[in-house]
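Residue-level listing of the chains:
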Amino acid sequence: MQMNRGVSIMKLKFYKGPILLITILCFLGISGANAEKTAKVSGKYTYVLTENDDVTIKQAKIRATEMAKAEAIKAEFGTLVASDFINTERQQNDDLSSYYLMDTSSSVKGEWLGDERDPEISIECVNGELHFTAEVWGTAREICRAATDIQWQIMKLVDNVKVESDSFDYGQRFFVRFRSPADGYIAIYLISGDNETSCLLPYRKDNSGRVPVKANKEYVFFDKALDYTASYYKLTTRHPQEYNQLVLIYSPNPFTKCLDTSGDSSRPNYLSQKDFAKWLLKNQRADNEMVVNRKWLTINGNEN
């Protein structure tokens with residue numbers, strides 16, 4: 001949707017040609033400085049998995065792919081000064097595991113908009129270590145402005161209290177808590193491991209195609225106790241363990257959710273990952289204020 005903006009018309013008197021020429025050049029220079037460059041990029045990265053790492057094969061592939069994307073963006077647009085390392089601890093039964101993640105989005109001066117082709121990953125054993133080499137091809141955009149600082153968490157119930165988590169048992173419900181510093185619109189999608197993307201928000205019965213949010217107001221989505229119109233979802237898998245990706249899209253500008261297929265009463269509307277990626281890339285290219293955040297969550301299978 002295009003927004004109409006007021007246009008001021010001024011009458012200019014051409015007293016001095018050089019002054020007018022300088023003014024035009026300055027205006028063009030400012031416009032060029034604010035423009036965000038988009039480019040086709042490619043990159044490769046090798047992630048080394050040792051016997052001491054508490055990382056699954058799937059996680060290693062994901063990490064190699066994300067780092068390859070960071071390398072591609074870095075080669076095109078450069079890097080920022082700092083990187084963020086996150087130390088994560090997980091309690092499972094009586095064992096406490098710890099591992100490190102690098103927030104690559106904070107170390108490169110660009111953002112990945114979408115894949116041009118599927119990533120290629122090769123695995124090689126070298127001196128008792130597994131080397132995961134990922135090669136990626138895609139479209140990236142240079143970051144020339146500070147993105148809107150949205151806050152959101154994935155939650156689950158523990159003793160009837162909502163706590164932040166990225167690990168869920170079979171059939172467990174989840175919620176999303178959200179807050180933004182400005183009015184805008186959001187949508188939430190779930191990318192599963194079976195080449196399918198589900199539209200979780202807007203809710204199925206919402207025909208507007210978008211969800212408006214107010215500045216500095218806290219929202220908890222997928223909770224009927226707080227919103228009787230809400231849909232709620234349970235996470236399931238046919239595998240011992242599965243990794244899904246939750247995608248939250250926010251923009252101060254109105255946008256409409258992508259065209260999808262209606263599911264039955266037990267599932268949300270859905271579309272293929274490829275069609276979702278095309279829709280998202282088109283919207284990000286048209287709206288440089290759109291913020292796309294992704295978080296991984298683990299679904300533990302039903303052992304019975």
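Residues numbered from 1 in each chain as written. Predicted model: local features only at pLDDT ≥ 70, side-chain atom pairs only at ≥ 80, totals over all residues. Heavy atoms only, no water.

### Quick look at the side chain of S180
So, step 1. Mapped onto the secondary structure, S180 falls in the loop between β10 (175-179) and β11 (184-191).
So, step 2. Engagement of the side chain of S180 in a polar contact is seen with the backbone oxygen of A182, the distance being 2.8 Å.
So, step 3. Not counting residues up to four positions away in its chain, the partners in contact with S180 are I150, V213, K214, A215, N216 and Y250. (Helix = DSSP H or I, 4+ residues; strand = E, 2+ residues; numbered from the N terminus. Polar contact = N/O pair within 3.5 Å; in protein donor to acceptor, adjacent residues only side chain to side chain. Contact = heavy atoms within 4.5 Å.)

### Observations regarding the sheet that holds strand β6 (residues 151-158)
So, step 1. Here four strands make up an open sheet; going across it, the order is β7-β6-β10-β14 and the pairing antiparallel. Strand pairing shows two members of the sheet lacking a second neighbour, β7 (161-164) and β14 (219-221), which therefore form its edges. Put simply, the sheet's adjacent strands are angled 35° from each other on average, direction ignored.
So, step 2. Bridge count between β6 and β7: four bridges; the pairing is antiparallel. (Pairing = 2+ DSSP bridges. Axes fitted to C-alpha atoms, helices over the stretch in contact; angles between N-to-C directions.)

### Quick word on the sheet that holds strand β4 (residues 110-126)
So, step 1. Pairing is antiparallel across the open sheet formed by three strands, whose spatial order is β1-β5-β4. Both edges of this open sheet fall to β1 (38-49) and β4, since each of them pairs with a single strand only. Going across the sheet, the axis of each strand differs from the next one's by a mean of 15°, ignoring polarity.
So, step 2. Strand contacts of helix α3 (residues 273-286): β1, β4 and β5 (129-142), with the helix running at about 130° to β4, the strand carrying the most contacts.

### Here's the deal with the environment of G171
So, step 1. Considering the arrangement of structural elements, one finds G171 in the loop between β8 (167-169) and β9 (172-173).
So, step 2. Taking the C-alpha atoms as reference, G171 lies 9.0 Å from I299; in sequence the two are 128 residues apart.
So, step 3. Beyond its immediate sequence surroundings of up to four residues, G171 is in contact with K234, L235 and T236.

### Looking at the pattern of salt bridges
So, step 1. For the structure on display, the rule yields seven salt bridges.
So, step 2. Of the charged contacts, one joins E71 and K74 as a salt bridge, the two residues approaching to 3.1 Å between their closest N and O atoms. Taken together, the residues E71 and K74, both in helix α2 (residues 57-77) and three residues apart, mark about one turn of the helix.
So, step 3. For E71, a relative accessible area of 26% puts it in the partly exposed group.
So, step 4. What makes K74 partly exposed here is its relative accessible area of 34%.
So, step 5. Note that D260 and K257 form a salt bridge whose closest N and O atoms lie 3.3 Å from each other.
So, step 6. In this structure D260 comes out as buried when scored by relative accessible area, which is 18%. (Salt bridge = Lys/Arg side-chain N within 4 Å of Asp/Glu carboxyl O. Buried < 20%, exposed > 50% of the residue type's maximum accessible area, 1.4 Å probe, protein only.)

### Brief notes about the confidence of the model for the protein chain
So, step 1. Here the protein chain shows a mean pLDDT of 78. Residues at 70 or above account for 76%.
So, step 2. Scored below 50 in pLDDT, residues 81-106 shows 41 contacts in the model against residues more than four places distant or in partner chains. (pLDDT = per-residue confidence, 0-100.)

### Let's talk about the nonpolar core
So, step 1. Of all hydrophobic cores here, the largest spans 27 residues; its most connected members are F174, F178, I188, F221, F222 and L246.
So, step 2. Discounting chain neighbours no more than four positions away, the residues touching L246 are W152, I154, F174, V176, I188, Y189, L190, L200, N293, R294, K295 and L297.
So, step 3. By size, the runner-up hydrophobic cluster in this structure holds 16 residues, among which are A60, W112, F132 and A140. (Core = buried A, V, L, I, M, F, W, Y, C linked by side-chain atoms within 4.5 Å.)

### Details of unusual backbone geometry
So, step 1. In this model, L201 is joined to P202 through a cis peptide bond whose omega is 10°.
So, step 2. Mapped onto the elements, P202 comes out in the loop between β12 (196-201) and β13 (211-213).
So, step 3. Phi at N127 is positive, roughly 50°, even though this residue is not glycine.
So, step 4. Its location among the elements puts N127 in the loop between β4 and β5.
So, step 5. Given the relative accessible area of 78%, N127 is considered exposed.

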